[in-house]
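# Residue-level structural notes
Here are the chains, one letter per residue:
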Amino acid sequence: QGHVRFEGVQFGYDADRQILKGIDLDIPAGATVAVVGPSGAGKSTLARLMYRFYDVTGGRITIDGQDIREVTQTSLRAAIGIVPQDTVLFNETIGYNIAYGREGATPEQIAEAVRGASIAGFIQALPDGLDTRVGERGLKLSGGEKQRVAIARTLVKNPPILILDEATSALDSRTEADIQATLESIEQGRTTIVIAHRLSTVVHADRIIVLEAGRVVEQGTHAELLREG
Ligand code: ADP
Ligand code: ADP
């Protein structure tokens, strides 16, 4: 479950400017695929199309053979978890921020979901408990801590498909390395699309796609790409 395909995907925000110019990707269920390339290549756009923030203007995206335009928004959002680069947190408790999107969840249910998603270690790495308030009157979270909350928020959904859109790019390299190990462990068993800045953070990917100006210009394993220079 979680076989993702892009078939001739084209997209433009404006009719007169094509951003993605025919993308074909076949990501087997459970595989990790990294998408790298220069800024402006269309990497984030690819992620937005999967979540249907926008619809493709040509071709199609399927999950387990079904066109995502035929899936309800609720099931699409249950199937896919996205961790963005910059996370804006509410001036509420850490628990509230993690449970955001899970309307009606009680603090006990949140705590239970956090344990169930095996992300308790994430929470322990935060300065305080789930009931600590984020924001100017309470705690100021660092960039790394905010990303831990964002990752926890995504993981309590336990999505079979995970999109990490430069989830650690804004962090210093030490914090990035810290979070990286945890990210790699939560990618296990999920179809994962990692949008990355540095090739060095995606050594573990089954396949790396190089996107340039809306086209896949190269793909292979990390070793293969290094060999080809
Ligand atoms: P090659 O084309 O170089 O022979 P393979 O197709 O054998 O490479 O795949 C190498 C690795 O990449 C394997 O671990 C395989 O599971 C994984 N893989 C193959 N195709 C894809 C894909 N489309 N997406 C993600 N991983 C893939
Ligand atoms: P990347 O993630 O590879 O840096 P993006 O997918 O963010 O690239 O952007 C690809 C191109 O689409 C860029 O030229 C960018 O300026 C343009 N773009 C991104 N978002 C929008 C938008 N909401 N409206 C119009 N153009 C956009």
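Structure shown above.
Below or above, wherever it landed, is the structure these notes cover. From a predicted model like this one, the values you see are computed outputs, not experimental measurements.

Cut-offs and rules
- Residues numbered from 1 in each chain as written.
- Chains lettered and ligands numbered in written order.
- Predicted model: local features only at pLDDT ≥ 70, side-chain atom pairs only at ≥ 80, totals over all residues.
- Heavy atoms only, no water.
- Pairing = 2+ DSSP bridges.
- Helix = DSSP H or I, 4+ residues; strand = E, 2+ residues; numbered from the N terminus.
- Salt bridge = Lys/Arg side-chain N within 4 Å of Asp/Glu carboxyl O.
- Buried < 20%, exposed > 50% of the residue type's maximum accessible area, 1.4 Å probe, protein only.
- Contact = heavy atoms within 4.5 Å.
- Axes fitted to C-alpha atoms, helices over the stretch in contact; angles between N-to-C directions.

As defined by bridge partners, strand β9 (residues 207-212) adjoins strand β10 (residues 215-220) across 5 bridges and the pair is classed as antiparallel. Bridge assignment links Leu 211 to a residue of β10, and that residue is Val 216. Taken together, β9 and the strand that follows it, β10, pair antiparallel across an intervening segment of 2 residues, in which Ala 213 is found at a positive phi of about 45°.

Now for the pattern of salt bridges. Taken as a whole and assessed by the stated rule, the structure comprises 7 salt bridges. One salt bridge connects Glu 7 with Arg 5, and the closest N-O pair in it is separated by 3.4 Å. Of the charged contacts, one joins Arg 69 and Asp 67 as a salt bridge, the two residues approaching to 3.0 Å between their closest N and O atoms. Judged by relative accessible area, Arg 69 falls into the partly exposed class, the value being 37%. Within the structure, one salt-bridge network assembled from shared partners comprises Arg 5, Glu 7, Asp 26 and Arg 60.

With that settled, consider the sheet that holds strand β2 (residues 20-27). Strand pairing in a sheet relies on backbone hydrogen bonds, with the paired strands running either antiparallel or parallel. Spatial strand order, β2-β1-β4-β5: 4 strands in an open sheet with antiparallel pairing. At either margin of the open sheet sits one strand with a lone partner, and together these are β2 and β5 (66-67). Pairing of strand β1 (residues 4-11) with strand β4 (residues 58-63), which is carried by 5 bridges, proceeds in the antiparallel orientation. Residue Gln 10 lies in a different strand from β4, and its bridge partner there is Gly 58. Sheet strands touched by helix α1 (residues 43-50): β1, β2 and β4. Its angle to β1, the strand with the most contacts, is close to 115°.

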